[in-house]
Amino acid sequence: MTLLKKGNAQTCEKLLAEFTTKAQPTNPEKMIFSGVGENDVYNISAPFEDEGELVIAGRVESRDSEHSNVNFFVERNGEWVPRSGAPVFELQDPFFTRIAGELVLGGVQIFPHPTNEGQHGWRTVFYKGQSIANLQEFAKGPDGMKDLRLVELKDGSIGVLTRPQGEKGGRGKIGWTRISTLAELSVDVVSEAPLLEGQFIDEEWGGANEPHLLANGFVGVLGHVASFDGEGNRHYYPMVFALDPETGAFSDMELIATRSCFLPGPSKRPDLVDVVFSGGLVRKQDGTAVLYAGISDAEAQKITILDPFLKYEQ
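Residues numbered from 1 in each chain as written. Predicted model: local features only at pLDDT ≥ 70, side-chain atom pairs only at ≥ 80, totals over all residues. Heavy atoms only, no water.

Asks: Please give an account of empty space enclosed by the protein that cites residues and values.
Replies: Following the criterion strictly, the structure yields 1 cavity of 30 Å³ or more and no others. As a volume, the largest cavity reaches approximately 60 Å³. Of all elements in the fold, only strand E7 (92-99), strand E11 (149-152) and strand E14 (205-213) reach the threshold of two or more residues within the lining of the largest cavity. Tallied by class, residues from the lining of the largest cavity come to 4 nonpolar, 3 polar and 2 charged. (1 Å grid on protein atoms, 1.4 Å probe; cavity = no way out; pocket = protein on both sides within 12 Å on 5 of 7 lines; lining within 4 Å. Points joined across faces, edges and corners; volume = space filled by probe spheres on them. Helix = DSSP H or I, 4+ residues; strand = E, 2+ residues; numbered from the N terminus. Nonpolar A, V, L, I, M, F, W, Y, C, P; charged D, E, K, R; others polar.)

Rendered as structure tokens:
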């Protein structure tokens, strides 16, 4: 059985230094989205199959706004266009998984903050159905929590990755718990999930974006780790680690790309230039994987990397 090696919490600076010594990503490519007017499409999911067709969920938003919709796109002549007749959800940062044979879709819902006038609160909302066409809301996460993710485990139970902020999680740390069925997913279960201690230093933060069930039953976590610099600019890096759902043991993080690996492009704001938001990962048979990512909160790109989870399956 693979042993998961865990040392002290690693800083973004150390992770970057290690990343530069490894094989670098190749073939960056901008994803072309049309049919949404002047809006940007970013923080996309990886492609997934729905009713025999590959679909991408994407955050659609004006450059000067945080109010976004999630649209479903299909590829036509090299461009991704809104799928005819598909529902549109008033959400940010979509993600998907499959549990007990059903499609589970989630995203971040914003709402007027209950106490801070003029500001927004947020929560993660989940939908499920046999296909996109019949998705129905079935659960909400705690107010103030993004990056809440689910994964079906080998025994049919469900792993829950959380990301509290504030008194429990500081700027944002990952938690982990298990439930037997989707019916057990509740605000209390999520709020009480223990943290993965020692994965992030207090000055930095991170979250899970897309958990993968690996061949040996481990969970490979695609996520992000982030920091502020002295000028208040944000730096978001795609990272991975592995977790043993039976013991709760987990490995150190490693970066799998940086903004400089992708093609130049626009940014939503000057403080978001160095932001890569891990959307999803498609693992290939040849030992590579394609990372789909939101870039600088303004566009979407994909890039080819070595499959970062293969070593955990050895």
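Asks: Go over the sheet that holds strand E9 (residues 120-129) with me, naming the residues and quoting the values.
Replies: One open sheet accounts for 4 strands, arranged E7-E8-E9-E10; its pairing is antiparallel. Each end of this open sheet is capped by a strand with a single partner; those strands are E7 and strand E10 (136-140). Here the strands of the sheet are splayed against their neighbours by 30° on average, with no regard to which way each runs. Across 4 bridges, E9 lies against E10 in antiparallel orientation. Across the sheet, residue tyrosine 127 finds its bridge partner in E10, namely glutamate 137. (Pairing = 2+ DSSP bridges. Axes fitted to C-alpha atoms, helices over the stretch in contact; angles between N-to-C directions.)

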